[in-house]
Amino acid sequence: MGKWVVTAAWPYINSVPHLGTILHLLGADIMTRFLRMLGEDVISVSGSDEHGTPIEVEARKKNIDPRKLTDEAHSYIVKLLKRWRIELDNYSRTESEVHKQFVREFMLRLESKGYIFTQKIVLPYCERDRIFLPDRFVEGRCPRCGYPNARGDQCENCGSLLDPLDLISPKCAICGSKPILKETVHWFFDLKKLEDPVRKWLEANKGLWDNVKNYSLNWIREGLKPRSITRDNEWGIEAPFKETVRKTIYVWFEALLGYLSASKEVLERRGRSFEEFWYDKNTKTIYFIGKDNIPFHAVILPAMLIASDDRHPLPAVISSTEYLLYEGEKFSKSRRVGLWADEALYILEDPDYWRFSLARMRPEERDTNFSWKEFMRIVNSELNDDIGNFIYRVLSFIVRYFESRIPEPGEFDDIDREVIDSVKASYNGYIDKMLETRIKQASEYILEIARTGNQYINRRAPWDEIKRDHRRAGTTMYIAINIVAILTLTLYPITPGAAQKIWAMIGFEEPIERTRYNRDNIFVVNSGRSIGKLEAPFKKLPQDFLARISIIVEDARKKAQEDRPPYLRF
Ligand SMILES: [Zn+2]
Ligand SMILES: [Zn+2]
């Protein structure tokens with residue numbers, strides 16, 4: 001049994017996760033369930049990223065404590081994740097005391113090992129708001145294309161990466177006044193010193209996806225520069241370095257350490273130790289993130305881990321997906337393009353439909369479009385017809401012709417052996433792809449098992465067999481019910497609710513998660529077992545779903561909006 005830490009990027013708490021963000025949390029949940037079915041020792045963590053300027057600015061505007069905003073938002077998100085059946089072991093937050101303490105100690109360790117230095121720099125400062133303005137809080141005319149509303153980090157119009165000092169007639173994004181330039185001291189992480197070990201690790205790690213490896217190696221080739229790890233924000237974790245001026249730790253650096261601090265929280269709660277997982281190089285750590293976060297997870301995090309202590313496991317897999325688009329467009333809160341995780345459940349309450357559809361649309365190789373047409377196809381044709389109908393067909397046949405009892409098998413013939421081999425191959429393909437965190441590719445094998453099962457039934461025609469040879473029909477149904485069971489086991493990480501229901505219909509009293517995957521054996525249902533009460537495992541979306549979709553979405557938006565704490569409404 002191996003040890004695993006499964007994580008997902010910590011969503012910034014100024015918004016409800018949309019479908020593209022929930023993908024990462026969902027990926028971590030699916031992976032955790034999957035690894036447990038293999039009998040592995042797993043902890044899974046993520047949490048709310050609470051600090052930083054956007055929340056500080058919002059709280060100032062409302063004249064309240066930022067913590068009040070994030071308390072409400074965090075508890076809303078925690079409840080929402082439960083409704084999605086995303087049950088990570090610890091969904092923590094960066095305001096957790098364990099986290100704050102962990103970050104401070106970690107930073108001091110980096111300092112004591114000689115990876116931290118200070119430097120004076122000049123930054124835009126708003127005298128009216130009395131705040132140093134982070135890059136994207138300075139706006140002005142783009143020096144390249146003349147676009148009037150370019151942000152200090154990037155021009156939205158021409159795409160140029162900018163420095164706030166480049167902007168022509170810069171303005172404070174909060175109050176509109178002209179910022180001054182002010183000198184301030186910051187603490188820097190000496191990333192440059194870690195180029196070599198990070199590059200060597202990237203080159204040697206065979207588990208890394210190509211997009212991760214290529215991007216990171218390119219970045220290192222251009223040369224890594226020291227990164228400032230402090231900010232002048234009020235709202236954040238106070239930097240522990242010896243100095244009279246108050247500084248906070250830059251949110252990116254502390255949020256990355258959340259993977260470790262949240263592990264510590266959950267392990268200690270369970271009477272285990274942090275060191276057992278995070279000071280063991282054999283522990284495998286998996287990160288579910290979007291491609292825009294590759295630099296932080298494939299370069300900065302490994303660099304921090306190497307710098308702090310040589311005993312930490314470096315990322316085993318960084319499951320960095322491409323972008324999910326919504327009807328061909330980028331998700332955008334300001335333009336209201338997209339669908340948010342709470343809205344989705346007002347459209348279809350059972351999260352398994354969303355979980356399965358998102359697994360099927362997971363952008364593992366290229367940007368992938370979420371469209372309602374594709375969603376309907378996946379639900380109706382794949383989940384309902386291919387998977388659901390096969391399961392129901394087998395179970396109801398046994399109910400009808402075998403008095404609900406799983407029949408005894410007779411001798412297997414070539415057709416039987418062929419289908420057994422084929423299902424075994426798909427089952428193994430599924431396990432292999434899941435181990436690579438290629439969830440979409442693994443889901444192809446789930447469908448393959450269902451289709452193989454359907455073809456087998458059609459070929460054997462047990463409705464004819466039963467008239468000629470009762471025992472032969474029994475053999476067919478014994479094999480078929482075992483295909484149903486394997487199908488259900490492979491569905492479980494993705495659609496845990498439906499899988500448990502089907503498991504009970506097959507007649508198992510123990511919860512499905514007590515079973516373990518066994519690559520060599522597809523026979524998990526014994527004859528003699530009684531089938532439980534039948535019910536169609538999945539339902540179809542109505543024919544007029546697509547025609548009515550804009551009304552349906554609008555209605556879901558209204559309802560979700562009412563549920564949200566005021567800060568999360570938009
Ligand atoms: Zn421009
Ligand atoms: Zn201002």
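Here the residue numbering is sequential within each chain, running from 1 through the sequence in written order. Ligands are numbered from 1 and chains lettered from A, in the order in which they are written. Confidence filtering applies because this is a predicted model: local features only for residues at pLDDT of at least 70, side-chain atom pairs given and counted only at 80 or more, and all residues used for totals across whole chains, interfaces and linings. Only heavy atoms go into the side-chain values, all of them from the structure, while hydrogens and water stay out.

K.L.:
It is not clear to me how the overall build of the protein chain should be interpreted in this structure. Could you clarify?
P.N.:
Within the protein chain, the regular secondary structure consists of 18 helices and 16 strands. Radius of gyration here is computed from C-alpha atoms only, and the compact-globule reference equals 2.2 Å multiplied by the residue count raised to the power 0.38. Relative to the globule expectation of 25 Å for 570 residues, the C-alpha radius of gyration of the protein chain, 27 Å, shows essentially globular dimensions. Of all 570 residues assigned to the protein chain, the portion counted as buried reaches 57%. The contact rule is simple, with two residues in contact once any of their heavy atoms fall within 4.5 Å. Sequence-distant contacts, at least 24 apart, represent 76% of the contacts inside the protein chain between residues at least 6 apart. Helix and strand labels come from DSSP, where a helix needs a run of H or I of at least four residues and a strand needs a run of E of at least two; each type is numbered from the N terminus. Summary of the burial criterion: residues with accessible area below 20% of their type's maximum are buried, those above 50% are exposed, and those between are partly exposed, where the area comes from a 1.4 Å probe applied to protein chains only.

K.L.:
Explain the coordination of the zinc ion (ligand 2) here, please?
P.N.:
Note on metal sites: the ideal angle is 109.5 degrees for four tetrahedral donors, and 90 or 180 degrees for six octahedral donors. Each metal site is built from N, O and S donor atoms within 2.8 Å (3.2 Å for Na, K and Ca), and since water is not included, such sites may look incomplete. The zinc ion (ligand 2) binds to the protein through Cys126 (SG), Asp129 (OD), Cys172 (SG) and Cys175 (SG), with metal-donor distances spanning 2.0 to 2.3 Å. Every angle between 85 and 135 degrees makes a four-donor site tetrahedral, while opposite donors more than 155 degrees apart, with all other angles between 65 and 115, make a four-donor site square planar and a six-donor site octahedral; other sites are irregular. Of note is the zinc ion (ligand 2), whose 4 donor atoms meet at the metal with angles of 98 to 118° in an arrangement that counts as tetrahedral. Positions of the donor residues of the zinc ion (ligand 2) along the chain correspond to the pattern C-x2-D-x42-C-x2-C. A residue pair is termed long-range when its members are at least 10 positions apart, and Cys126 in strand β4 (residues 116-126) and Cys172 in strand β8 (residues 168-172) qualify at 46 residues.

K.L.:
Where do I start with the sheet that holds strand β1 (residues 3-8) in this structure?
P.N.:
Strands belonging to one sheet form pairs held by backbone hydrogen bonds; the direction of such a pair is parallel or antiparallel. Pairing between strands requires that DSSP locate at least two bridges from one strand to the other. Spatially, 5 strands are ordered β3-β2-β1-β13-β14 in an open sheet, and the strand pairing comes out parallel. Two strands close off the open sheet at either side, each with one partner strand: β3 (90-93) and β14 (317-321). Sheet twist, expressed as the average angle between the axes of neighbouring strands with direction ignored, equals 20°. Where β1 and strand β13 (residues 284-290) come together, 5 bridges link them in parallel fashion. Helix axes are fitted only over the stretch in contact, all axes being lines through C-alpha atoms; the angle between N-to-C directions runs from 0 to 180 degrees.

K.L.:
Whenever I open this one, the environment of Ala536 confuses me. Can you help?
P.N.:
With respect to the secondary-structure elements, Ala536 resides in the loop between α17 (496-506) and α18 (549-563). For Ala536, a relative accessible area of 45% corresponds to the partly exposed category. The spatial distance from the C-alpha of Ala536 to the C-alpha of Ile502 is 9.1 Å, given a sequence separation of 34 residues.

K.L.:
Looking at this structure, how should I read the domain arrangement of the protein chain?
P.N.:
Quite often, the size of an interface is put as the accessible area lost when its parts meet. Each assigned domain of the protein chain is listed with its residue range as follows: domain 1 (3-114 + 194-229 + 248-332), domain 2 (116-188) and domain 3 (371-514). In this structure, domain 2 and domain 3 have C-alpha centres spaced 59 Å apart. Domain limits in this description derive from either an automatic procedure or a database domain assignment.

K.L.:
Just to check I follow, could you spell out a nonpolar patch on the surface for this structure?
P.N.:
Nonpolar side chains (Val, Leu, Ile, Met, Phe, Trp, Tyr) within 5 Å and like charges within 9 Å form the patches, drawn only from residues with over 30% relative accessible area and no salt bridge. Computed with a 1.4 Å probe, the accessible areas rest on the Shrake-Rupley method; for each residue, only the protein chains presented here act as cover. The salt bridge criterion pairs a side-chain nitrogen of Lys or Arg with a carboxyl oxygen of Asp or Glu, the two atoms within 4 Å. The grouping of Val122, Leu165 and Leu181 at the surface amounts to a nonpolar patch, some 270 Å² of accessible area in total. Here Val122 lies in strand β4.

K.L.:
Can you walk me through the sheet that holds strand β10 (residues 227-228) in this structure?
P.N.:
Reading across from one edge, β5-β4-β9-β10 is the order of the 4 strands in this open sheet, with antiparallel pairing throughout. Sheet topology places β5 (131-132) and β10 at the edges, where each strand pairs with a single neighbour. Looking at chain direction, β4 and β5 are connected through 2 bridges and run antiparallel. For Cys126, the partnering residue across the bridge sits in β5 and is Ile131.

K.L.:
Could you clarify how one ought to interpret the packing of aromatic side chains in this entry?
P.N.:
In this description, an aromatic ring pair is defined by two values, namely the gap between the centres and the angle between the planes. Between rings of Phe, Tyr and Trp, where Trp is taken as its six-membered ring, a pair exists when centres lie within 6.5 Å; planes separated by under 30 degrees are stacked, by over 60 edge-to-face, and by other angles tilted. Evaluated as defined, the whole model comprises 31 aromatic pairs. Considering the side-chain rings of Phe102 and Phe106, the 6.1 Å spacing of their centres and the 25° angle between planes classify their relative orientation as stacked. Of this pair, Phe102 and Phe106 both sit in helix α4 (residues 97-112), 4 residues apart, which is roughly one turn of the helix. Both residues of the pair, Phe102 and Phe106, count as buried. Joined through ring pairs, the aromatic side chains of Tyr326, Phe331, Trp340, Trp354, Phe370, Trp372, Phe375, Phe545 and Phe570 make up one cluster.

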